[in-house]
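If you want the building blocks of each chain, they are given just below.
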Amino acid sequence: MLNQKLILCPSARLARSIQSDIARQSSQSGQVVWQSPAVMTLSQWLDGAIETALLAGQITQVPPYALSPLNEQWLWQEVIIRALKKNAFGALFDVAGLAQAAMEANRYQVAWRLDLPREHLAEESRQFKLWQRAFVARCAELNVLEHVRYVDWQLAQLAAGLVTLPAHVAFAGFDQTAPQELRLREILAEQGVTVSEYMTTAQTAAQVHHLRLDNQEAELRAAVAWAKQTLQQQPQASLAIVVPQLDAVRNQLADLLDDVFYPESVRPSLFEVPRNYNFSLGTPLAQQPIIQAALNVLRLMSNNASQQVMQQTEYSAVLLSPFWSASTTEADARAMLDAAMRDKLPLQFKLTSLLSLAEKMLAGGLPITRLLADLNAAIALIPAKNAPPSHWVLTIARVLEALQWPGERPVTSLEYQAQTTWHKALQQLAQMDVLQNNIGFTEAVNLAQQICSAMIFQAETKHTPAIQILGIMEALSSTVDALWCMHMNDHIWPPPARPNSLLPAFIQRQAHIPNADNTVQAAFAATIHTRLLHSAQQIVFSSSTTAGESQLRPSPLMKNIPNGLPETQLASTLAEQLSIAGNAGLTFLEDAMAPAIQANEHVRGGTGLFKAQAVCPAWAFYQYRLGAKALKTPTDGLDNMARGSLVHGVLEQFWHKRHFADLRDMPTAALQVAVSEAVDHTLQAFSAENSVSANVLTLEHERLFKLISDWLLYEKSRNVGFNMVACEAEKKVSICGIEVTLKIDRIHTLENGGLEFVDYKTGQAPKMNSWAEARITEPQLPIYAVFYVEDAAQATGVQFGMVKTAEHTFAGVSAENFEAEPEIRKPAFIRAFNDWTALLTHWKSSIEAIAQEIKNGEAAVRFKDEKDLAYCEVMPLLRIPERKLQFERYANHQKAGEE
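Please read these numbers as outputs of a predicted model, since none were measured by experiment. Every residue gets a number counted from 1 within its own chain, in the order that chain's sequence is written. Per-residue local features of the predicted model are confined to residues with pLDDT of at least 70, and side-chain atom pairs are confined, for both listing and counting, to 80 or more; whole-chain, interface and lining totals are unaffected and use all residues. In computing side-chain properties, one takes all heavy atoms of the structure into account and sets aside hydrogens as well as water.

Visitor: When you look at the packing of helix H13 (residues 351-363) against helix H14 (residues 369-379) in this model, what are you seeing that I'm missing?
Guide: Packed helices, taken two at a time, are described by the angle their axes make and the gap between the axes. Geometry is summarised by axes, namely lines fitted to C-alpha atoms with helices restricted to the contacting stretch, and by angles between N-to-C directions that run from 0 to 180 degrees. Secondary structure elements are defined from DSSP: runs of H or I of at least 4 residues count as helices, runs of E of at least 2 residues count as strands, and each element is numbered from the N terminus. Interaxial distance between H13 and H14 falls to 10 Å at its minimum, and their mutual angle equals 150°. Relative to H14, the element H13 lies roughly antiparallel. For the pair H13 and H14, the crossing hand works out as left-handed. Here H13 contributes Leu-351, Leu-355, Ala-358, Glu-359 and Leu-362 to the contact with H14, which in turn contributes Thr-369, Leu-372, Leu-375, Asn-376 and Ile-379. Of the residues contributing to the contact of H13 with H14, the split by class is seven nonpolar, two polar and one charged. Here roughly perpendicular refers to angles of 65 to 115 degrees, roughly parallel to angles under 35, roughly antiparallel to angles over 145, and oblique to all remaining angles. By convention, the crossing between two helices is left-handed when the near helix turns anticlockwise from the far helix through less than a right angle, and right-handed when the turn is clockwise. Residue contacts are counted whenever heavy atoms from the two residues lie within 4.5 Å of one another. Lys, Arg, Asp and Glu make up the charged group, whereas Ala, Val, Leu, Ile, Met, Phe, Trp, Tyr, Cys and Pro make up the nonpolar group; the residues left over, Gly among them, are polar.

Here is the structure:
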């Protein structure tokens, strides 16, 4: 027996905390400690003790192989899949979920030594017994044991006296005493080991208060404000924030803590600034950007190997990632490739399509040589065969090396730690060799994804944080000065019962299995509550009064706790801190004027520039003068813009060298042939420039043929004669010195000799009411009418051609509309004008006023109706949500001042 003290903990986090406490206490006391107690988890100690006994020859039998949790789940899945093959509906079952439930049921039955009756079992329990027998047989075949039986085997070696034990073992932070832990305590006592409890709590209970706040967000804000205020008053204080549902609010709480304590961390260069808080709950390794990038490129390679398509969003994540290939030197080129991909390729496609596009752009001068070379090198490393998981671990390493993962720039401390954990994840993948199953590269990558999603990554901290944030199940290594415990509502605490669905409920209740029923949960919550009451000098419990429309009640454990003071501060987000109400000392500068347009400056945009300026001057400035634009959003098939362009193209083809008389005299069969030829020609030209599947083209041909045929029949039935002047006509005009390129869908002359301009629309009809207003927000047709010809009197009408299924119509205005009496003229907005000439004069003055605004550089965020911004591509730059927040906070501030 070793003359040493051992402290056992339920979690690695608690073990590290106790080690840190012991070292700090030793340093503060100035005492020399020759041998401090070993502190580790129960599993760590048992594994180490057994390994030492094997090396020393104390255990002579060959030990069974212990399955990892992932191996155990996959073995359960294998057994369940075989069993479900006999079930007609087997393919509909969630095998992974059933495997998880079976693992838990098996653990309970073995650890608690549950005796399931042979008769009168529910179907679920009968199936579980069959699965369990097959699982045990498969384990015997492989000479392996799942974790719960392996622990039994380890305890048996201790009971047989085959393992050297420490003189003293202390247990720290075990709220629930499971049967195997009780057995361990008994064995240690029988072997002469001193067994005790390591106290992490105080003898006396804390001063406590209970606060009832509006909702969970208010609880989070109040807890952060409390932490800030406490540390301002007591800079050396140690605090803890306990959250029962920590995983659900972790990100929100972290963001709020950063906004209050580290607002500078919003800058990318300061993202990893050391914090004075620490979460006991880590995040899945797969969520670390550097690991996410590795998994993304591996999935790209695996899908290519199996000839599978991927979504555009998945390709974008790979292309824009800074963690592979020439991530710095080719960053701009990769962004341009991503933009081209969104524009040229469909919603989902194979990697070969992207490589083809990249090679074309490389030939066109885009510098992406390294990108293509690295991708091709990685593709060549993947053999088309099945192999053991350990083989694919080596392949994965070589593929990532070929792809230059993790990129050109040096990794940060956090990224280095994530890389180290990644290698541990690959070790777990290699350990799956024990299942003796050969797999393909795609399955290996999927397994790596699952391992990284299940593996929790917790970055190491170099100092003891002032604020510890932990789940309610986790114990502190020592008492703190103050503690805040939130979410103390009866639907959360005690936690609802969650009995295992594969075991009889009455057996779980009799054995007091965790989560068996509300009585078990209440007793467990009471134990945790007692521990909390002795974990700090001062404690604040908080609960919510509402959740959405629901009224909430406090937990029954809050019954005897006095209510706290109602004046509770709530922390503000960074956006709120920067608002008017939160920063009255800031100077706000209204700067809505951009530089005026210079004589030699060209402003692109056509009539869209004038529309944007009329709706919101900032829109016009950002999109047309600065050139900002939104990336294309991928769609399945063709998007609305592409479909609209095809309609324009077909109509242009049809009307080439034709007039109304040709349409009028054309027989139905001839019309159908002419339309079909126009559709064929247009789709051929479109497919030559865009990657579109044959199925999509076939469907589009059917749509276009019916739509255009119906439209032309409608035009024929109107019997309004005209001669075609031009289709898709382009002309450059000058409006107050601004050169504007007009592209007009159709210009024809009517029988009276006047010109009429037509703009085809396949969506909603534009609002024409603004044509009578000072700011014309739909200026396209008015610009055509006034500026296309030198003598505006030649224009006698403007029309929107609404080419829509079952809604074919022309909507617009012409000189003929003024022939009726003023009070009955339609559309109604023209009643404000005496005649067509007056309307043209109004259009000219209004459009020239907008042009003058553009020339002067007016760029204010000013609009009449937010709905008019529906097609604005620069909405994020307008910062409308932030403006709304400022107005709201200012109004609240003013209201509070009046009260």
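From this point on, the discussion continues.
Visitor: I keep staring at the packing of aromatic side chains and nothing clicks. Help me out?
Guide: Each aromatic ring pair is described using two quantities: the centre-to-centre distance and the angle formed by the ring planes. Pairing of aromatic rings covers Phe, Tyr and the six-membered ring of Trp, with a centre-to-centre limit of 6.5 Å; geometry is then stacked below 30 degrees between planes, edge-to-face above 60, and tilted otherwise. As enumerated under the stated definition, the model contains 27 aromatic pairs in all. Between Tyr-108 and Trp-112, the aromatic rings sit 5.6 Å apart at their centres with planes inclined by 85°, giving edge-to-face as the arrangement. Given a relative accessible area of 6%, Tyr-108 falls into the buried group. The classification of residues rests on relative accessible area computed with a 1.4 Å probe and restricted to protein chains. Under 20% of the type maximum is buried, over 50% is exposed, and intermediate values are partly exposed. With relative accessibility at 22%, the residue Trp-112 sits in the partly exposed group. Connected via pairs of aromatic rings, a cluster forms that spans Trp-771, Phe-800, Phe-829, Trp-836 and Trp-843.

Visitor: Would you mind showing me how to read the environment of Thr-741 here?
Guide: Among the structural elements, Thr-741 can be located in strand E20 (residues 738-750). Overall, the relative accessible area of 35% leaves Thr-741 in the partly exposed class. Sequence separation between Thr-741 and Met-432 is 309 residues; the distance between their C-alpha atoms is 65 Å. Leave out the neighbours within four places in its chain, and Thr-741 touches Gly-606, Glu-730, Lys-731 and Lys-732.

Visitor: What exactly am I supposed to notice about the pattern of salt bridges here?
Guide: Side-chain pairs of opposite charge can arise whenever the charged atoms involved come near each other. A pair is scored as a salt bridge if a Lys or Arg side-chain nitrogen falls within 4 Å of a carboxyl oxygen belonging to Asp or Glu. Taken as a whole and assessed by the stated rule, the structure comprises 34 salt bridges. With its nearest N and O atoms 3.8 Å apart, the salt bridge here joins Asp-374 to Arg-370. Residue Asp-374 and its partner Arg-370 are located together in helix H14, separated by four residues, close to a single helical turn. The class for Asp-374 is buried, based on a relative accessible area of 7%. In this structure Arg-370 comes out as partly exposed when scored by relative accessible area, which is 34%. Its salt-bridge partner being Arg-703, residue Glu-700 comes within 2.5 Å of it at the nearest N-O pair. With Glu-700 and Arg-703 both in helix H26 (residues 694-718), this residue pair falls three residues apart, about one helical turn. Each of Glu-78, Arg-82, Arg-138 and Glu-141 takes part in a single network of salt bridges with overlapping partners.

Visitor: What's the story with the packing of helix H10 (residues 289-305) against helix H11 (residues 312-319) in this structure? I'm lost.
Guide: It is the contact of H10 with H11, at a shortest axis distance of 9 Å, that shows an interaxial angle of 125°. Overall, the two elements H10 and H11 adopt an arrangement that is oblique. The two elements H10 and H11 cross, and the hand of that crossing is left-handed. Along the contact surface, H10 presents Asn-296, Val-297, Arg-299 and Leu-300, while H11 presents Glu-314, Tyr-315, Ala-317 and Val-318. Residue classes in the contact of H10 with H11 are distributed as five nonpolar, one polar and two charged.

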